[in-house]
Amino acid sequence: MPSTRAPRLSGTDRRQQILRVAAETFAHQGYKGATTREIAQQARVNEAIIFRHFPTKEDLYWAVIEEQCRQGSSRTSGELQKELEEQADLRRLLSTLASNILRRDTRLTRLLLYSALENHKLSQRFYRTYVSTYYEVLAEHLQRRMERGELRKMDPLLASRGFLGMIGNHFLVQEIFGGKRFQKFNPDRVAETLTDIWLNGALSKRQTDRNIPRSKHKNGTKN
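The rules behind the values
Sequence order as written defines the numbering, with residues in each chain counted from 1. Note on the predicted model: pLDDT of at least 70 is required for a residue's local features to be given, and 80 or more for side-chain atom pairs to be given and counted; whole-chain, interface and lining totals, by contrast, use all residues. Only hydrogens and water are set aside; all other atoms, that is, all heavy atoms of the structure, feed into the side-chain values. Labels follow the DSSP assignment, with helices taken as runs of H or I lasting at least four residues and strands as runs of E lasting at least two, numbered in each case from the N terminus. The cut-offs for exposure are 20% and 50% of the maximum accessible area for each residue type, with area from a 1.4 Å probe on protein chains only; residues under the lower value are buried, those over the upper are exposed, and the others partly exposed. By definition in these notes, contact holds between two residues if any of their heavy atoms fall within 4.5 Å. Note on areas: Shrake-Rupley, 1.4 Å probe, and residue coverage restricted to the protein chains presented here. Axis lines are fitted through C-alpha atoms, for helices just across the contact stretch, and the angle between N-to-C directions can take any value from 0 to 180 degrees. In this scheme the crossing of two helices becomes right-handed for a clockwise turn of the near helix relative to the far one and left-handed for an anticlockwise turn of less than a right angle. Amino acids outside the nonpolar list (Ala, Val, Leu, Ile, Met, Phe, Trp, Tyr, Cys, Pro) and the charged list (Asp, Glu, Lys, Arg) are all regarded as polar, and Gly is one of them. Any two rings among Phe, Tyr and Trp, with Trp reduced to its six-membered ring, count as a pair given centres within 6.5 Å; such a pair is stacked if its planes are under 30 degrees apart, edge-to-face if over 60, and tilted if neither. As used in this structure description, the phrase polar contact means that two N or O atoms lie within 3.5 Å; if the pair is within protein, one of them must be able to donate a hydrogen and the other to accept it, and residues adjacent in sequence are counted only when both atoms belong to side chains. Salt bridge, as applied in this entry: a Lys or Arg side-chain nitrogen positioned within 4 Å of an Asp or Glu carboxyl oxygen. On a scale of 0 to 100, pLDDT captures the predictor's confidence in every residue.

Participant: Can you help me understand the overall build of the chain in this one?
Facilitator: Within the chain, the regular secondary structure consists of eleven helices and zero strands. Listing the helices and strands of the chain from first to last along the sequence gives α-α-α-α-α-α-α-α-α-α-α. Counting all 223 residues of the chain, 42% fall into the buried class. Intrachain contacts of the chain at a sequence separation of at least 6 include 74% that bridge at least 24 residues. Accessible area of the chain: about 13,300 Å², with a carbon and sulfur share of 49%.

Participant: When you look at the packing of helix 4 (residues 57–71) against helix 7 (residues 106–117) in this model, what are you seeing that I'm missing?
Facilitator: Each pair of packed helices can be summarised by the angle the axes make with each other and by the distance between the axes. Contact pair helix 4 / helix 7: the axes reach a minimum separation of 9 Å and the direction vectors enclose 145 degrees. As helix 4 runs across helix 7, the sense of the crossing is left-handed. Of the residues in helix 7, those in contact with Tyr61, Val64, Ile65, Gln68 and Cys69 of helix 4 are Arg107, Leu108, Leu111, Leu112, Tyr114 and Ser115. The residue inventory of the contact of helix 4 with helix 7, partitioned by class, reads eight nonpolar, two polar and one charged.

Participant: Got a minute to help me understand the packing of aromatic side chains in this structure?
Facilitator: A ring pair, where both rings are aromatic, is described by two values, the distance of the centres and the angle of the planes. All chains considered together, the criterion is met by four aromatic pairs. With a centroid separation of 6.2 Å and an interplanar angle of 15 degrees, the aromatic rings of Phe26 and Tyr31 are classed as stacked. Across the pair, Tyr31 and Phe26 agree in class, each one buried. Ring geometry for Tyr31 and Tyr61: centres 5.0 Å apart, planes at 80 degrees, overall edge-to-face. Of this pair, Tyr31 sits in helix 1 (residues 11–33) while Tyr61 sits in helix 4, placing them 30 residues apart in sequence.

Participant: Looking at this model, I keep getting lost on the environment of Val21. Mind explaining?
Facilitator: Examined against the element boundaries, Val21 turns out to sit in helix 1. Considered as a pair, Val21 and Ala40 are 19 residues apart in the sequence and their alpha carbons are 8.6 Å apart. Val21 has contacts with Ile39, Gln42 and Ala43, leaving out every residue within four places of it along the chain.

Participant: I keep staring at unusual backbone geometry and nothing clicks. Help me out?
Facilitator: Glycine aside, the phi torsion of most residues is negative, and most peptide linkages are trans. Phi at Arg44 is positive, roughly 60 degrees, even though this residue is not glycine. In this structure, Arg44 sits in the loop between helix 2 (36–43) and helix 3 (47–53). When its relative accessible area of 41% is taken as the criterion, Arg44 is described as partly exposed.

Participant: What exactly am I supposed to notice about the side chain of Ser99 here?
Facilitator: Relative to the helices and strands, Ser99 is located in helix 6 (residues 90–102). Using a relative accessible area of 8% as the deciding quantity, one classes Ser99 as buried. At a separation of 2.5 Å, a polar atom in the side chain of Ser99 contacts the side chain of Arg103. Those residues in contact with Ser99, other than ones at most four positions away along the chain, are Asp188 and Ala191.

Participant: For this particular structure, what's the right way to read the pattern of salt bridges?
Facilitator: When their charged atoms lie close together, side chains carrying opposite charge are able to pair. The full count for this structure, using the stated rule, is seven salt bridges. For Arg145, the salt bridge goes to Glu150, with nearest N and O atoms at 2.8 Å. In the salt-bridge network here, residues are joined through shared partners; they are Glu24, Asp105 and Arg107.

Participant: Before we go on, may I ask you to explain the confidence of the model for the chain in this structure?
Facilitator: Caution is warranted with low-pLDDT regions, since their predicted coordinates should not be read in detail. Summarising the model, the chain shows a mean pLDDT of 84, and 86% of its residues fall at 70 or more. Considering only residues more than four positions removed or in separate chains, one finds that residues 214–223, a stretch of pLDDT under 50, has 14 contacts.

Participant: Quick question: what am I supposed to make of the side chain of Asp196 here?
Facilitator: Note on placement: Asp196 falls in helix 10 (residues 187–202). Asp196 gets classed as buried once you look at its relative accessible area, which sits at 11%. Looking at Asp196, its side chain comes within polar contact range of the side chain of Arg91, at 2.7 Å.

Okay, structure coming up:
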């Protein structure tokens, strides 16, 4: 009869295994719906092993979120800051940023939606730690572009939220709400199209003709 016991792993490998299983479980059942007992069963370990690595269920959930951020295509605020400083072409910068967001793993988004809908305090912690600084870093960069006359004057934080909001909404519609079952889009084409839409409303008058090329695609929807 085959053994149901998990193979022996190092402490580091065991921790990563638990995080992988917990990520799947939390992403499909939420924080309240998932239990550490269920996660232990899926990982084929004693529940006590989980608490040896993560003292509480909340610690495990936060570790899963951090790991998803680290492994995913999402940029940290520090990484975003570096990219903004190195890329002079605003259109290319924004379309690359958008493309990265559109290709991220859905598990992190599911985790955050669950925690927000459950009104869990970790959703607030995530927003303060990752999201708000991300918006602010982009806003500061857009502010400098405004001061140089490249962008028209506007609230830089709202401009940042507006751009990232367009990208995030498309991701939600396609990946979470099931839009991709009915209509497929090329992520790079979506990134370029939404970037151009945003820039058409944000560029200063003297920059518009020089920076917004005509789209090569008539509708820019399907692969």
